[in-house]
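Secondary and tertiary structure notes
Here is how the chains run, residue by residue.
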Amino acid sequence: MVANQKLTLDRAIWASDSRTNPPLPQQQGVELNLPPMDGAQWLALFQQGAASDASSAAVFPKQVTLRTPSLTLGGQQWNNLSIVSQPSAQGTKVDAQGREVNATLTMHDNAPWQAAIRYLYYNPSSTPLTQASAPSTGPLTRNRLDFSGWPDLQLRCAECWLWGQKYGRIDGDFAIKGDTLTLSNGLVDTGFARLTSDGEWVNGLSGQRTSLKGKLRGKKIDDAVAFFGIATPIRDSSIDLDYDLHWRASPWQPDVPSLNGILKTRIGKGQFTDLSTGHAGQLLRLLSVDALLRKLRFDFSDTFTEGFYFDSIRSTAWIKDGVLNTDDTLVDGLEADIAMKGSVDLVRRQLAMEAIVAPEISATVGVAAAFAINPIVGAAVFAASKVLGPLWSKVSILRYRITGPIDSPQINEVLRQARSDTKQ
């Protein structure tokens, strides 16, 4: 398996029997230049070394350097790889440098391990897998991972690329207790948005459970989502999202039928610049705000401009067994206010929403605030107000019912209250 490898000793490996050898040098090192190999061969090499160590009186060097032009491990080929292992003050330090990685792992004897990753590019799907590195042997495809023997880990990655996507900075502190892996101080910082997270993954014999809670913050939502190749009609708006979610599956495979939790979203002042696009932000697509605005622009082209300006979008949504519900989604627009309530079945991908659209008024209490308390009260506020916005000459209140698939919702008008009726 390793017959062709070139072995270079920085200093000789001395037998431990002092009767036949002089005293051992204080510093010993060994460098192994290995041919291209896969992870199974690499691990077998170390197992052979450990076995020979246990069965002989040889003393192995404190510092070991491994170099190979390629190593297949974790479903990916790592090129021009150099791994240096040496003792540290309280354990062992391993430095890895190559085309896809530049990192240091400090393995403490009685403290959490520390992984300081300066650069990581991990994209296993881009490399054909050999039998030795088939997906069935990977940690993300096993039915159950056994956490026993795993060390606690403090991860700090300055620049991370995962599955072909740049994520930027990734931090996290991981602790193991029994069958539970706990995450604290989790952070993904792309430079355009910051996602923080705390949670736990319970992986017991009776099943799995994942819970995550945290915040998403960004100054410009369009820049934040464009970083991941997603288009959105929202421009120049800040994003402020609090989430608390849990489901009965692994962290990387959310199980929608068992999904529960709450989302609180606040989008700052901005505009919809292209209402014809079908790639709106995820929450707006779920609630069909983008589809509703497209219809309003079509029906009231003399009222709605190409860009729909708003001061804020606020929503609280709770998820129960894969069904998202909201009763206070409010779009505070300059041309009109939009208030929405209803449910979205995420499993069947079906909508059942209601929306009230009304012009801005200069009354003490607007429809948005009134609707948050009670939709009927909100409609009554508009009906009673005599100070209506100048943009709408004929219509004061529109009520819509939004049903059908998320990707192609049906929007039916159920109420059109004329301005003259409100003055009677």
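Examining the overall build of the chain
- Helix and strand content of the chain: 7 helices and 23 strands.
- Buried positions account for 42% of the 424 residues belonging to the chain.
- Within the chain, counting contacts between residues at least 6 apart in sequence, those at least 24 apart form 50% of the total.
- When the accessible surface of the chain is split by element, carbon and sulfur atoms take 54% of a total near 22500 Å².

Quick notes on unusual backbone geometry
- Phi at Trp163 is positive, roughly 50°, even though this residue is not glycine.
- By the secondary structure assignment, Trp163 is in the loop between strand S9 (153–162) and strand S10 (165–177).
- Accessibility expressed as a relative area gives 46% for Trp163, which makes it partly exposed.
- Here the phi dihedral of Asp321 falls at roughly 50°; this positive angle occurs in a residue that is not glycine.
- Note that Asp321 resides in the loop between strand S18 (308–320) and strand S19 (323–333).

Here's the deal with the pattern of salt bridges
- Within this structure, the stated rule accounts for 14 salt bridges.
- When the shortest N-O distance is used, the salt bridge between Asp189 and Arg194 registers 3.1 Å.
- Classification of Arg194 by relative accessible area gives partly exposed; the value is 39%.
- Between Asp242 and Arg266 there is a salt bridge whose closest N-O contact spans 3.5 Å. Residue Asp242 is found in strand S15 (residues 239–247), and its partner Arg266 is found in strand S16 (residues 260–267); the two are separated by 24 residues along the sequence.

Observations regarding the packing of aromatic side chains
- Scanning the entire structure with this criterion turns up 7 aromatic pairs.
- Aromatic pair Trp78 and Tyr122: ring centres 6.1 Å apart, planes at 15°, arrangement stacked. Of this pair, Trp78 sits in strand S5 (residues 76–88) while Tyr122 sits in strand S8 (residues 113–122), placing them 44 residues apart in sequence.
- What makes Trp78 buried here is its relative accessible area of 14%.
- When the ring of Phe192 is compared with that of Phe227, the centres are 5.7 Å apart and the planes differ by 50°; the resulting orientation is tilted. Of the two residues, Phe192 is situated in the loop between strand S11 (180–189) and strand S12 (193–204) and Phe227 in the loop between helix H2 (221–226) and strand S14 (234–235); the sequence distance between them amounts to 35 residues.
- Among the residues examined, Phe192 registers a relative accessible area of 40% and is labelled partly exposed.
- By the ring-pair criterion, three or more aromatic residues cluster together here, those being Trp78, Tyr122 and Trp163.

Brief notes about the state of the cysteines
- All told, the structure shown has 1 disulfide when counted by the stated rule.
- Paired by a disulfide, Cys157 and Cys160 hold their sulfur atoms 1.8 Å apart. Since a negative S-S torsion denotes a left-handed disulfide, the Cys157-Cys160 link at about 125° is right-handed.
- Taking relative accessible area as the criterion, Cys157 reaches 2% and is therefore assigned buried.
- Assessed through its relative accessible area of 3%, Cys160 is described here as buried.

Quick word on the confidence of the model for the chain
- Averaged over all residues, the pLDDT of the chain is 76; the fraction at 70 or higher stands at 66%.
- Residue range residues 126–142 is modelled with pLDDT below 50. Its contacts to residues more than four positions away, or to other chains, number 19 contacts.
- Note on residues 361–365: pLDDT is under 50 here. Beyond four places in sequence and across chains, it has 9 contacts.

Regarding the environment of Gly75
- Tracing the backbone shows Gly75 in the loop between strand S4 (63–73) and S5.
- Through-space distance from the C-alpha of Gly75 to that of Asn123 is 8.3 Å; in sequence the pair is 48 residues apart.

With respect to the pairing of strand S13 (residues 207–218)
- Of the pairings in the sheet, the one linking S12 to S13 comprises 12 bridges and is antiparallel in character. Each bridged residue has a counterpart across the sheet, and for Trp201 the counterpart in S13 is Thr210.
- Count of turn residues in the S12/S13 antiparallel hairpin: 2 residues.
- Bridge count for S13 against S15 is 9 bridges, and the pairing is antiparallel. Considered in S15, the bridge of Thr210 is made with Trp247.

The rules behind the values
- Residues numbered from 1 in each chain as written.
- Predicted model: local features only at pLDDT ≥ 70, side-chain atom pairs only at ≥ 80, totals over all residues.
- Heavy atoms only, no water.
- Helix = DSSP H or I, 4+ residues; strand = E, 2+ residues; numbered from the N terminus.
- Buried < 20%, exposed > 50% of the residue type's maximum accessible area, 1.4 Å probe, protein only.
- Contact = heavy atoms within 4.5 Å.
- Areas by Shrake-Rupley, 256 points an atom, 1.4 Å probe, with all protein chains shown as cover.
- Salt bridge = Lys/Arg side-chain N within 4 Å of Asp/Glu carboxyl O.
- Phe/Tyr/Trp six-rings, centres within 6.5 Å; stacked < 30°, edge-to-face > 60°.
- Disulfide = S-S within 2.5 Å.
- pLDDT = per-residue confidence, 0-100.
- Pairing = 2+ DSSP bridges.

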